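# Structure at a glance
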Amino acid sequence: MKNWISLACILVLYSCQTVKIENATYNTNSSKVELGVIGHSKGMFFNKKFNSKAYPELTSKIKVNVSVVPFSKRSNKVYLSKTKNNQNLAKINYVDSIPVKPELVTISILDINGYCREINSPENTKINRLIKETKKAKVISSIAIVLKEDDLQKIKNADEFYLINKKDQKYSLGLFKQGKQTDVLEISTAPVLGYEEGRFCWSEIKPGKWEVIDLIAICESCKGNTVKKVSNKKKTKSLFRM
């Protein structure tokens, strides 16, 4: 099984539907995704799609990591292919020979413990059951998006960032400076250049009660006593011990 996962990761890494951004590999297919959304992947490698199924309710803001990254030749090529299919996307003036490049933004879930706590909360009971019973649910753990220049400047002026659930099934990016909120960006409508998927790890906190404990990359294994699938089998005592 581990060999199969390793092979799959290698194929994804070299797939034409991926782009490397800051040492991370992002899927660049036409799936419509948002950070923190839960769903299922369909297809393999060169024909992969992500179907969003659930938007967890976030009762607390979740800290995220935000980076402003210059476009590369590859990411520009990916974005150009997306603009051909969507004329509403803003044009990017990329010239490889010019040192100052247009910029994109990556946003990744940083407070994994906080996000898992939300999944286990009473507000997300149905979503928790969906993850548990389907066993193949994934989460969008990171996105690379293209923002307007004034929004880029707002991000550069902030020093902390949080994923905020302002409206039903809509996530926003809260910008903070020295502990005070300075702005809120509606990132759900921003063009998505690429995304990363994560999967859940479970732990049996007491007999028969399982909770989501960790969120890991697709190519990683669950650590410690955590597992990727919930087991409903009851432990039986050995007759020899009895």
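These numbers were taken from a predicted model, which means no experiment stands behind them.

Taking 1.5 Å of rise per residue, 13 residues should cover 18 Å, and helix H2 (residues 73-85) covers 19 Å from first to last C-alpha, within 8% of that figure. Looking at H2, one finds that the buried residues are Ser75, Asn76, Val78, Tyr79, Lys82 and Thr83. End-on view of H2: buried residues confined to an arc of 160°, all on one side of the axis. In H2, the exposed residues that point more than 90 degrees away from the buried face are Lys73, Lys77, Lys84 and Asn85.

Alignment of strand S7 (residues 138-145) against strand S11 (residues 192-206), held across seven bridges, turns out to be antiparallel. Bridging across to S11, isoleucine 140 finds its partner in glutamate 197. Note: S11 against strand S12 (residues 209-217), eight bridges, orientation antiparallel. Across the sheet, residue tryptophan 202 finds its bridge partner in S12, namely valine 212. Two successive antiparallel strands, S11 and S12, enclose a turn made up of two residues, where glycine 208 displays a positive phi of approximately 85°.

A word on the pattern of salt bridges. Tallied over the entire structure, the rule returns six salt bridges. Residue lysine 73 is joined to aspartate 96 by a salt bridge in which the shortest nitrogen-to-oxygen separation is 3.8 Å. Here lysine 73 is found in helix H2, whereas its partner aspartate 96 is found in the loop between H2 and strand S6 (103-109), with 23 residues between them in sequence. A salt bridge links lysine 154 to aspartate 183, with the shortest nitrogen-to-oxygen separation between them at 3.3 Å. Here aspartate 183 lies in strand S10 (residues 180-185) and lysine 154 lies in helix H5 (residues 149-157), a separation of 29 residues in the sequence. Through salt bridges with shared partners, a single network forms among Asp151, Lys154 and Asp183.

Examined against the element boundaries, tyrosine 79 turns out to sit in helix H2. For tyrosine 79, a relative accessible area of 2% puts it in the buried group. With 113 residues separating them in the primary sequence, tyrosine 79 and valine 192 have C-alpha atoms 9.0 Å apart. Once residues within four sequence positions are removed from consideration, tyrosine 79 is found in contact with Phe71, Leu89, Ala90, Ile92, Val146, Pro191 and Leu193.

Ranked by internal contacts, the top residues of the largest apolar core, which has 42 residues, are Ile38, Ile107, Tyr115, Ile155, Leu173 and Phe200. Sort the elements by how many residues they give to this core and S7 lands first, with four residues. For leucine 173, the residues in contact, after removing those within four places along its chain, are Val64, Val66, Ile107, Ile155, Phe161, Tyr162, Asp183, Val184, Leu185 and Ile187. In terms of nonpolar packing, the next biggest core, distinct from the first, is built from 15 residues, Val69, Tyr79, Ala144 and Leu193 among them.

Here we come to the side chain of serine 142. Within the secondary structure, serine 142 is located in strand S7. Serine 142 gets classed as buried once you look at its relative accessible area, which sits at 1%. Of the polar contacts made by the side chain of serine 142, one reaches the backbone oxygen of isoleucine 107; its length is 3.3 Å. Apart from the residues lying within four places of it in its own chain, the contact partners of serine 142 are Tyr26, Leu35, Ile107, Ser108, Gly194, Tyr195 and Glu196.

About the criteria used
- Residues numbered from 1 in each chain as written.
- Predicted model: local features only at pLDDT ≥ 70, side-chain atom pairs only at ≥ 80, totals over all residues.
- Heavy atoms only, no water.
- Helix = DSSP H or I, 4+ residues; strand = E, 2+ residues; numbered from the N terminus.
- Expected span 1.5 Å × (residues − 1).
- Buried < 20%, exposed > 50% of the residue type's maximum accessible area, 1.4 Å probe, protein only.
- Arc of directions from axis to C-beta.
- Pairing = 2+ DSSP bridges.
- Salt bridge = Lys/Arg side-chain N within 4 Å of Asp/Glu carboxyl O.
- Contact = heavy atoms within 4.5 Å.
- Core = buried A, V, L, I, M, F, W, Y, C linked by side-chain atoms within 4.5 Å.
- Polar contact = N/O pair within 3.5 Å; in protein donor to acceptor, adjacent residues only side chain to side chain.

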